[in-house]
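Chains, contacts and geometry: an overview
Here is what each chain is made of, one letter per residue.
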Amino acid sequence: MTTRKTAAESVALPLNQILAGDCIELMNGLPAGSVDLIFADPPYNLQLKGDLHRPDNSKVDAVDDHWDQFASFNAYDQFTRGWLKAARRLLKPHGAIWVIGSYHNIFRVGSAMQDAGYWMLNDVVWRKSNPMPNFRGKRLTNAHETLIWASREEGAKYTFNYEALKALNDGVQMRSDWVLPICTGHERLKDDKGDKAHPTQKPESLLHRILVATTNPGDVVLDPFFGTGTTGAVAKMLGRDFIGIEREESYRKVAADRIGRVRKFDASALETTGSKRAEPRVPFGQVVERGMLRPGEELFSVGNRFKAKVRADGTLVGNDVKGSIHQVGAACEGAPSCNGWTYWHFKRDGKMIPIDILRQQIRAEMEADEGQRH
């Protein structure tokens, strides 16, 4: 029995292209389950009433474009539900979505996402290090925007490069409040008149963090509100494929020119710090079995404060305690836990060497054997 493909399923994925038109219609025309990540920066529906001026009476270049104007909250909600439904259909089972917004719209969007079946993973506060002041002086300065990160559905697997983010944050676990500057200077794109090419251009630093955290090289990233192409530019640099959707011709032109100037990083630069959990497990007993350490050989703690003897079964005895390298290390330190691989050292030629060196040697051999099989 043969099955007929729908029109959308038979369409080739338009990788690294900017599509012109309505985002809902275009997303509905793409193959289902074909996208790894969606980054969406939808209209904020700011509801501005009249011009905004600085104290010196100069006019602020605020968001007053027609694409940000909706007749009512109900009209905005209908639009939001429409594009979220189309976006969810495109996501692979392990896919995820990021949506950014301000206090004007993010709560309505978040509610619509939950109604549509998305599963919230985090909300992230992008705290702007250089926000625009509140010129009227009647409210707090709007110094942040909120991002929602969600998986396709509850229980779905998703990409999260925890170790890479930690490395990006100087070895400290990444928090959900990100301090990054808004676009200024050389990064702010201008049109032929010297004015801002787009009023809400997002900084590349924001997209860099998102793509490093939640995609891998070769993944497909879709941006249904492409604007001047920040998502596409960063995706290209990081070796990801992108699909942009933008209905405004002036934005498409700026985005295409911008992305055309971007050079992709070389393959080695695209590698990020991987999860240690993904590395093959090596019991300490293997080190003993292979004669890398002998039964009766002494191990020494960090700082040489404690010592323990290796036993034939891969356990240690020391400080009146018997157990694994982790248990004995924790008992010596009076701590609830201990990473015995980095805590214990052996002596060679008068030097103290962590036993983790032996584990890494075994892992390298395992990976070499795996490579030969393939």
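Now for a quick tour of the structure.

Conventions we followed
- Residues numbered from 1 in each chain as written.
- Predicted model: local features only at pLDDT ≥ 70, side-chain atom pairs only at ≥ 80, totals over all residues.
- Heavy atoms only, no water.
- Axes fitted to C-alpha atoms, helices over the stretch in contact; angles between N-to-C directions.
- Helix = DSSP H or I, 4+ residues; strand = E, 2+ residues; numbered from the N terminus.
- Parallel < 35°, antiparallel > 145°, perpendicular 65-115°, else oblique.
- Left-handed = near helix turned anticlockwise from the far one by under 90°.
- Contact = heavy atoms within 4.5 Å.
- Core = buried A, V, L, I, M, F, W, Y, C linked by side-chain atoms within 4.5 Å.
- Buried < 20%, exposed > 50% of the residue type's maximum accessible area, 1.4 Å probe, protein only.
- Disulfide = S-S within 2.5 Å.
- Patch = residues over 30% accessible without salt bridge, like charges linked within 9 Å, V, L, I, M, F, W, Y side chains within 5 Å.
- Areas by Shrake-Rupley, 256 points an atom, 1.4 Å probe, with all protein chains shown as cover.
- Salt bridge = Lys/Arg side-chain N within 4 Å of Asp/Glu carboxyl O.
- Pairing = 2+ DSSP bridges.
- Nonpolar A, V, L, I, M, F, W, Y, C, P; charged D, E, K, R; others polar.

1. A word on the packing of helix 2 (residues 73-90) against helix 3 (residues 106-116)
- The geometry of helix 2 relative to helix 3 is characterised by a closest axis approach of 10 Å and an angle of 45° between their N-to-C directions. One way to sum up the angle between helix 2 and helix 3 is to call them oblique. Crossing of helix 2 over helix 3 shows right-handed handedness. Contact residues: Phe-73, Tyr-76, Asp-77, Thr-80, Arg-81, Leu-84 and Arg-88 in helix 2; Arg-108, Val-109, Ala-112, Met-113 and Ala-116 in helix 3.

2. Observations concerning the nonpolar core
- Counting 34 residues, the largest nonpolar core has Trp-98, Leu-147, Trp-178, Leu-206, Ile-210 and Leu-211 as the members making the most contacts within it.
- Looking at which element gives the most residues to this core, the answer is helix 5 (residues 204-214), with six residues.
- If we skip the residues at most four places from it in the chain, Ile-210 touches Leu-37, Phe-39, Trp-98, Leu-147, Trp-178 and Thr-215.
- By size, the runner-up hydrophobic cluster in this structure holds 29 residues, among which are Trp-83, Ile-97, Ile-148 and Val-220.

3. Examining the state of the cysteines
- Within the structure shown, the criterion is met by zero disulfides.
- We note that Cys-332 lacks a disulfide partner, and the nearest cysteine sulfur, in Cys-338, lies 8.3 Å from it.

4. Describing a nonpolar patch on the surface
- Residues Tyr-158, Phe-160 and Tyr-162 make up a contiguous nonpolar surface patch of about 270 Å² in total accessible area.
- Relative to the helices and strands, Tyr-162 resides in helix 4 (residues 162-168).

5. Remarks on the pairing of strand 10 (residues 307-310)
- Here three bridges tie strand 9 (residues 298-300) to strand 10, and the two strands are oriented antiparallel to one another. Pairing of Glu-298 across the sheet is with Lys-309, part of strand 10.
- Across two bridges, strand 10 lies against strand 11 (residues 316-318) in antiparallel orientation. Residue Val-310 lies in a different strand from strand 11, and its bridge partner there is Leu-316.
- Linkage of strand 10 to strand 11, two consecutive antiparallel strands, is achieved through a turn of five residues, within which Gly-314 is found at a positive phi near 85°.

6. Thoughts on the pairing of strand 5 (residues 144-151)
- Counting buried residues in strand 5 gives seven out of eight residues, a clear majority hidden from the surface.
- Note: strand 3 (residues 91-101) against strand 5, six bridges, orientation antiparallel. Bridge pairing links Gly-101 to Thr-146 in strand 5.
- In the sheet, strand 4 (residues 119-128) pairs with strand 5 via eight bridges, with the strands oriented antiparallel. When the sheet's bridge partners are listed, Asp-123 is paired in strand 5 with Ile-148.

7. Regarding unusual backbone geometry
- Positive phi, normally seen in glycine, also occurs at Asn-16, with a value near 55°.
- Checked against the element boundaries, Asn-16 lands in the segment before strand 1 (17-20).

8. Considering the pattern of salt bridges
- Tallied over the full model, the rule gives 15 salt bridges.
- Asp-36 serves as the salt-bridge partner of Lys-92, at 3.2 Å between the closest nitrogen and oxygen. Note that Lys-92 is positioned in strand 3 and Asp-36 in strand 2 (residues 35-40), a separation of 56 residues in sequence.
- We note a salt bridge from Glu-333 to Arg-305, for which the minimum N-O separation is 3.2 Å. Linking Glu-333 in helix 10 (residues 325-333) with Arg-305 in the loop between strand 9 and strand 10, this pair joins segments that are 28 residues apart in sequence.
- The exposure class assigned to Arg-305 is exposed, which follows from its relative accessible area of 55%.

9. Notes on the packing of helix 5 against helix 6 (residues 230-237)
- Axis separation between helix 5 and helix 6 bottoms out at 9 Å; the angle between their running directions is 55°. Taken as axis vectors, helix 5 and helix 6 run oblique relative to one another. Helix 6 is crossed by helix 5, and the crossing has right-handed handedness. Taken together, the residues of helix 6 that come into contact with helix 5 (itself represented by Glu-204, Leu-207, His-208 and Leu-211) are Thr-230, Thr-231, Ala-233, Val-234, Ala-235 and Met-237.
- Here the residues of the contact of helix 5 with helix 6 sort into six nonpolar, three polar and one charged.

10. Considerations on helix 6
- Of all the eight residues making up helix 6, seven are buried; the element is thus mostly covered by neighbouring parts of the structure.
- On its buried face, helix 6 is in contact with strand 2, helix 5, strand 7 (220-223), strand 8 (241-246), helix 7 (249-260) and helix 8 (267-270).
- Immediately beyond the C-terminal end of helix 6, within one or two residues, lies Gly-239, with a positive phi of roughly 75°.

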